Amino acid sequence: MGAVARDGRDPVSSPTRFRDAYQECERITREQARNFSYGIRLLPGPKRGALSAVYAFARRVDDVGDGDLPREEKLRELKTCREAVHQASTDSTDPVLVALADAAIRMPLPLEAFDELIDGCEADVRGTSYTNFDELLHYCRCVAGSIGRLSLGVFGTDDPSVATARADALGVALQLTNILRDVREDQINGRVYLPASDLAHFGVRLEPGGGFVEDTTRWNRLMRFQAARADRWYTEGFRLLPMLDRRSRACCASMAGIYHQLLVRIATNPNAAMHQRTSLSGWRKAGVAARSLAGMTP
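Predicted model only: the values in this text are computed from it and were never measured.

Novice: It is not clear to me how the overall build of the protein chain should be interpreted in this structure. Could you clarify?
Specialist: Counting its secondary structure elements, the protein chain contains 13 helices and zero strands. Across the protein chain, helices and strands are ordered from the amino to the carboxyl terminus as α-α-α-α-α-α-α-α-α-α-α-α-α. Looking at the protein chain as a whole, 52% of its 298 residues are labelled buried. Restricting the contact set of the protein chain to residue pairs at least 6 apart, pairs at least 24 apart contribute 71%. For the protein chain, the computed accessible surface area is about 14200 Å², with 50% contributed by carbon and sulfur atoms.

If you want it as structure tokens, here you go:
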């Protein structure tokens, strides 16, 4: 009988299977998470593969929540995702789970954080709305703060307690930006994430599936208020960067910098968000990545 690695792997047959699993995760990330792929490609190979595995599984969960299946079937699929990540094994026939399980052996990945991501997606499926910002903050920490903590497990840090809080803050900032970027699309699809108390304060009606906002001035004030709030979360989240090694810092700065530029564009022209999804060109994203690799802050 041949030698077996300490983690139970056959050292002869494992390399190709694990390499293929990571390559599949990188393909998924490159094709389906383009904003993040600019940053992920700045990482060295092992970290790039691990973070790609995190995002590939997160994309799978998101695709269930955003898909066209009936509500109850979506909830069943999300339950299946929850069970799958709990049972993730390097012996799996699913390449994403193989890569995740292998990454968790090599790095301190808190795979239980995926439970929070799935909780947030279940809230989406059920059509949960948010009365105030504290309720929305809980949702943001579920769906994005969880990914921030998983990413930190890949990046590594000498002060996990402080770094975790800052990674969580950065995740919240990115999710708030997502909400502002997708506000019109979400409304059409029957979802309103902006807190009801904020809508009432600024005198804005935003009903699920409803029409355009009647008063542009009020809408612009609301959006700039939301953007300023998100910017404060970026300020705290960017304090994570000095705690990371150079390549991890470049990756994190690139991903967060792209979203921060989206936020600036939204705040500059809030009314555009009600007509189209705000985006950056490929060359602008590449520019953010290049500046991040050079050590420039977002």
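From this point, the narrative continues.
Novice: Would you explain the nonpolar core in this entry?
Specialist: Formed by 93 residues in total, the largest nonpolar core has its most connected members in Leu51, Phe57, Phe114, Leu136, Leu194 and Trp219. It is helix α7 (residues 133–155) that contributes the most residues to this core, 13 residues altogether.

Novice: What is the right way to read the packing of aromatic side chains from this model?
Specialist: For any pair of aromatic rings, geometry is given as the distance between the ring centres together with the angle between the planes. Tallying each qualifying case throughout the model produces six aromatic pairs. Ring geometry for Tyr130 against Tyr193: centres 6.3 Å apart, planes inclined by 15 degrees, an arrangement best described as stacked. Placement of the pair is Tyr130 in the loop between α6 (113–126) and α7 and Tyr193 in the loop between α9 (183–188) and α10 (196–202), with a sequence separation of 63 residues. Across the pair, Tyr193 and Tyr130 agree in class, each one buried. The rings of Tyr130, Tyr139 and Tyr193 are connected pair by pair, giving a single aromatic cluster.

Novice: It is not clear to me how helix α12 (residues 246–268) should be interpreted in this structure. Could you clarify?
Specialist: Along an α-helix, a turn takes 3.6 residues, which lines up residues three or four apart on a common side. For α12, built from 23 residues, the straight-helix expectation of 33 Å at 1.5 Å per residue is met to within 8% by its first-to-last C-alpha distance of 32 Å. The opening residue of α12, the one whose side-chain oxygen lies 3.2 Å from the backbone nitrogen of Arg247, is Asp245.

Novice: Help me understand the packing of helix α8 (residues 160–181) against α12, please; the structure alone is not making it clear to me.
Specialist: Packed helices, taken two at a time, are described by the angle their axes make and the gap between the axes. At a minimum axis separation of 10 Å, α8 and α12 run at an interaxial angle of 40 degrees. On the basis of the axis angle, α8 is oblique to α12. Note that α8 runs across α12; the crossing there is left-handed. On α12, the residues touching Leu170, Leu174, Thr177, Asn178, Leu180 and Arg181 of α8 are Cys252, Ala256, Tyr259, Leu262, Leu263 and Ile266. Looking at side-chain class alone, the contact of α8 with α12 contains nine nonpolar, two polar and one charged residues.

Novice: Where do I start with the pattern of salt bridges in this structure?
Specialist: One side chain can pair with another of opposite charge once the charged atoms of both are near each other. Evaluated as defined, the whole model comprises 21 salt bridges. A salt bridge links Asp168 to Arg149; the shortest N-O distance between them is 2.7 Å. One end of the pair, Asp168, is in helix α8; the other, Arg149, is in helix α7, with 19 residues separating them in the sequence. Neither residue differs from the other here; Asp168 and Arg149 are each classed as buried.

Novice: How do you make sense of the confidence of the model for the protein chain when you look at a structure like this?
Specialist: For residues with low pLDDT, the predicted coordinates do not support detailed interpretation. The share of residues in the protein chain with pLDDT of 70 or more is 87%, and the mean pLDDT across the chain is 87. The secondary structure element of the protein chain with the lowest average pLDDT is helix α13 (residues 282–293), at 56, and the one with the highest is helix α4 (residues 71–86), at 97. Per-residue pLDDT stays below 50 along residues 1–13; that stretch engages in twelve contacts with residues further than four places along the chain or on separate chains.

Novice: Quick question: what am I supposed to make of the packing of α6 against α7 here?
Specialist: Packing of α6 against α7 leaves a shortest axis separation of 8 Å and a crossing angle of 150 degrees. For the element pair α6 / α7, the angle class is roughly antiparallel. By crossing handedness, the relation of α6 to α7 is classed as left-handed. Mapping the contact onto sequence places Ala113, Phe114, Glu116, Leu117, Asp119, Gly120, Cys121 and Asp124 in α6 and Tyr139, Arg141, Cys142, Val143, Ser146, Ile147, Arg149 and Leu150 in α7. Residue classes in the contact of α6 with α7 are distributed as nine nonpolar, two polar and five charged.

Novice: Just checking my understanding: could you explain the environment of Arg265 for this structure?
Specialist: One can find Arg265 in helix α12. Assessed through its relative accessible area of 36%, Arg265 is described here as partly exposed. Along the sequence, Arg265 and Ala227 sit 38 residues apart, while their C-alpha atoms lie 9.9 Å from each other.

Novice: Where do I start with α8 in this structure?
Specialist: Helix length check: α8, at 22 residues, gives a terminal C-alpha distance of 31 Å against a target of 32 Å (1.5 Å per residue), a fit within 8%. In terms of residue burial, α8 counts as a mostly covered element, since 17 of its 22 residues are buried.

Novice: Can you walk me through the environment of Ser89 in this structure?
Specialist: Looking at the secondary structure, you find Ser89 in the loop between α4 and α5 (95–106). Here the alpha-carbon distance between Ser89 and Ala104, two residues 15 residues apart in the chain, equals 9.7 Å. Residues in contact with Ser89, not counting those within four places in the same chain, are Leu97, Val98 and Ala101. Among the polar contacts made by the side chain of Ser89, one reaches the main-chain amide nitrogen of Asp91 at a distance of 3.0 Å.

Analysis parameters
- Residues numbered from 1 in each chain as written.
- Predicted model: local features only at pLDDT ≥ 70, side-chain atom pairs only at ≥ 80, totals over all residues.
- Heavy atoms only, no water.
- Helix = DSSP H or I, 4+ residues; strand = E, 2+ residues; numbered from the N terminus.
- Buried < 20%, exposed > 50% of the residue type's maximum accessible area, 1.4 Å probe, protein only.
- Contact = heavy atoms within 4.5 Å.
- Areas by Shrake-Rupley, 256 points an atom, 1.4 Å probe, with all protein chains shown as cover.
- Core = buried A, V, L, I, M, F, W, Y, C linked by side-chain atoms within 4.5 Å.
- Phe/Tyr/Trp six-rings, centres within 6.5 Å; stacked < 30°, edge-to-face > 60°.
- Expected span 1.5 Å × (residues − 1).
- Polar contact = N/O pair within 3.5 Å; in protein donor to acceptor, adjacent residues only side chain to side chain.
- Axes fitted to C-alpha atoms, helices over the stretch in contact; angles between N-to-C directions.
- Parallel < 35°, antiparallel > 145°, perpendicular 65-115°, else oblique.
- Left-handed = near helix turned anticlockwise from the far one by under 90°.
- Nonpolar A, V, L, I, M, F, W, Y, C, P; charged D, E, K, R; others polar.
- Salt bridge = Lys/Arg side-chain N within 4 Å of Asp/Glu carboxyl O.
- pLDDT = per-residue confidence, 0-100.

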